[in-house]
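So you can see what is in the structure, the chains are spelled out below.
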Amino acid sequence: MKAIARPGVVPYIAAWSGEQLHRRPVIYSGRGGIAYADEQPEDRDQHGVLWNGRALAQGTGRPEYGEVHPERQRVAMQYLLCQVCGQPADRDDRGVLWLVEDNRGDWQGWPERLMTTHPPVCLPCAGKAVEQCPHLVGRSVAVRVRDSSTCAVYGRIWSSSAFGRPVRTAVKDVVEFGSPSARWVLAGQLVRSLDGCTFVDLQQELARLS
Ligand SMILES: [Zn+2]
């Protein structure tokens with residue numbers, strides 16, 4: 001498939017149409033839960049969770065903005081890379097910069113302990129995002145996060161069946177490492193929980209760029 005010129009703002013974590021999803025037969029694992037029939041050691045993370053595979057060919061075909069590439073999202077989340085450009089996210093003494101959907105009413109002390117699938121951002125990309133998506137301004141908040149840990153995955157839940165093989169359910173959910181469901185999820189995104197959060201004024205942060 002022919003590659004097209006990449007528009008300037010295709011996020012690093014977005015999937016491209018040229019990156020086909022691996023559709024591999026899923027069977028019961030001898031240790032409980034699910035496994036691939038042709039499983040390789042790299043199909044699981046260090047917590048033993050099975051990951052969804054997708055070809056790696058960033059920039060091939062069309063960007064699929066609504067689809068997150070499992071491996072690039074996982075790398076960005078693991079290494080705190082900007083979800084838009086894939087470079088290291090911005091960090092200062094108050095922590096790493098995140099743009100999160102404003103749900104301040106959700107609980108006292110929000111966003112402490114917020115579990116998110118969205119990797120952090122760098123300052124230039126935060127500036128561009130706000131410029132190009134003005135609706136973000138009212139709906140998101142900029143937060144500096146001092147401590148965060150990879151604690152869960154988001155993915156499709158499978159279940160046992162009467163047919164001799166596991167079945168794919170309609171449910172996608174956040175599953176914590178070590179929980180019983182962790183053996184039944186096909187992970188698509190890595191989740192971090194945010195701690196030591198400080199709200200910051202994005203315009204003030206951006207002023208450092210000029
Ligand atoms: Zn960036």
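Source: prediction; values computed, not measured. Going along each chain's sequence as written, the residues are numbered from 1 onward. Only residues with pLDDT of at least 70 get local features here, since the model is predicted, and only at 80 or more are side-chain atom pairs given and counted; chain-wide, interface and lining totals rely on the full set of residues.

## Thoughts on the overall build of the chain
Then comes step 1: Per the secondary structure count, the chain includes 4 helices and 11 strands.
Then comes step 2: For a compact globule of 210 residues, the expected C-alpha radius of gyration is about 17 Å, and the chain comes in at 19 Å, within 12% of that figure.
Then comes step 3: Residue pairs in contact within the chain that sit at least 24 positions apart in sequence constitute 75% of those at least 6 positions apart. Comment: elements are numbered from the N terminus, with helices defined as DSSP H or I runs of at least four residues and strands as E runs of at least two. Atoms considered for the radius of gyration are the C-alpha atoms alone. The globule rule reads 2.2 Å times the number of residues to the power 0.38. Residues are treated as contacting if the C-beta atoms built from their backbones sit within 7 Å of each other.

## Description of the nonpolar core
Then comes step 1: To form a nonpolar core, buried Ala, Val, Leu, Ile, Met, Phe, Trp, Tyr and Cys residues must be joined through C-beta atoms within 7 Å. Counting other C-beta atoms within 10 Å of its own, a residue is labelled buried from 20 upward, exposed at 12 or fewer, and partly exposed in the gap between, with every C-beta atom placed from the backbone. The biggest cluster of nonpolar side chains holds 42 residues, and the ones touching the most others in it are Trp98, Val121, Ala126 and Val153.
Then comes step 2: Looking at this core, the elements that each hand over two or more residues are β1 (14–16), β4 (50–51), α1 (70–79), β7 (95–101), α2 (123–132), β9 (140–159) and β11 (185–200).
Then comes step 3: Per element, the largest residue contribution to this core is 8 residues, and it comes from β9.
Then comes step 4: Those residues in contact with valine 153 that sit more than four places away from it in its chain are Val49, Val175, Val185, Ala187, Gln189, Leu190 and Val191.

## Some words on the pairing of β11
Then comes step 1: One ladder, built from 2 bridges, connects β4 with β11; its direction is parallel. Bridge assignment links leucine 50 to a residue of β11, and that residue is leucine 186.
Then comes step 2: The rule for pairing is simple: two strands pair if DSSP sees at least two bridges between them. Here strand β8 (residues 114–116) runs beside β11; their pairing, made up of 3 bridges, is antiparallel. Within β11, the position partnered with leucine 114 by the bridge is leucine 194.
Then comes step 3: As judged from the 14 bridges shared by β9 and β11, these two strands associate in the antiparallel manner. By the bridge assignment for β11, valine 153 is matched with leucine 190.

## With respect to the environment of valine 175
Then comes step 1: Tracing the sequence through the fold places valine 175 in strand β10 (residues 167–176).
Then comes step 2: For the pair valine 175 and alanine 152, spaced 23 residues apart in sequence, the C-alpha to C-alpha distance is 5.4 Å.
Then comes step 3: What valine 175 contacts, discounting residues up to four positions off in sequence, is Ala152, Val153, Gly155, Ser181, Ala182 and Val185.

## Thoughts on unusual backbone geometry
Then comes step 1: With an omega dihedral of 5°, the bond running from tryptophan 110 to proline 111 counts as a cis peptide bond.
Then comes step 2: Turning to its location among the elements, proline 111 is positioned in the loop between β7 and β8.
Then comes step 3: With a phi close to 55°, leucine 80 is a non-glycine residue in the positive phi region.
Then comes step 4: You can see leucine 80 is positioned in the loop between α1 and β6 (91–92).

## Quick notes on the environment of glutamine 132
Then comes step 1: Tracing the chain through its elements places glutamine 132 in helix α2.
Then comes step 2: Through-space distance from the C-alpha of glutamine 132 to that of valine 9 is 9.4 Å; in sequence the pair is 123 residues apart.

## Side note on the confidence of the model for the chain
Then comes step 1: Taken over all residues, the pLDDT of the chain has a mean of 92, while the share at 70 or more is 94%.
Then comes step 2: Note that pLDDT drops below 50 for residues 1–7; the model gives that stretch 6 contacts with residues more than four away or on any other chain. Values of pLDDT, ranging from 0 to 100, describe the predictor's confidence in every residue of the model.

## Comments concerning the environment of proline 111
Then comes step 1: Residue proline 111 is classed as buried on the basis of its C-beta count, with 23 C-beta atoms lying within 10 Å.
Then comes step 2: As for proline 111 and threonine 169, which are separated by 58 residues in sequence, their C-alpha atoms are 30 Å apart.
Then comes step 3: With near-sequence residues (within four places) excluded, proline 111 lies in contact with Val100, Val143, Leu194 and Cys197.

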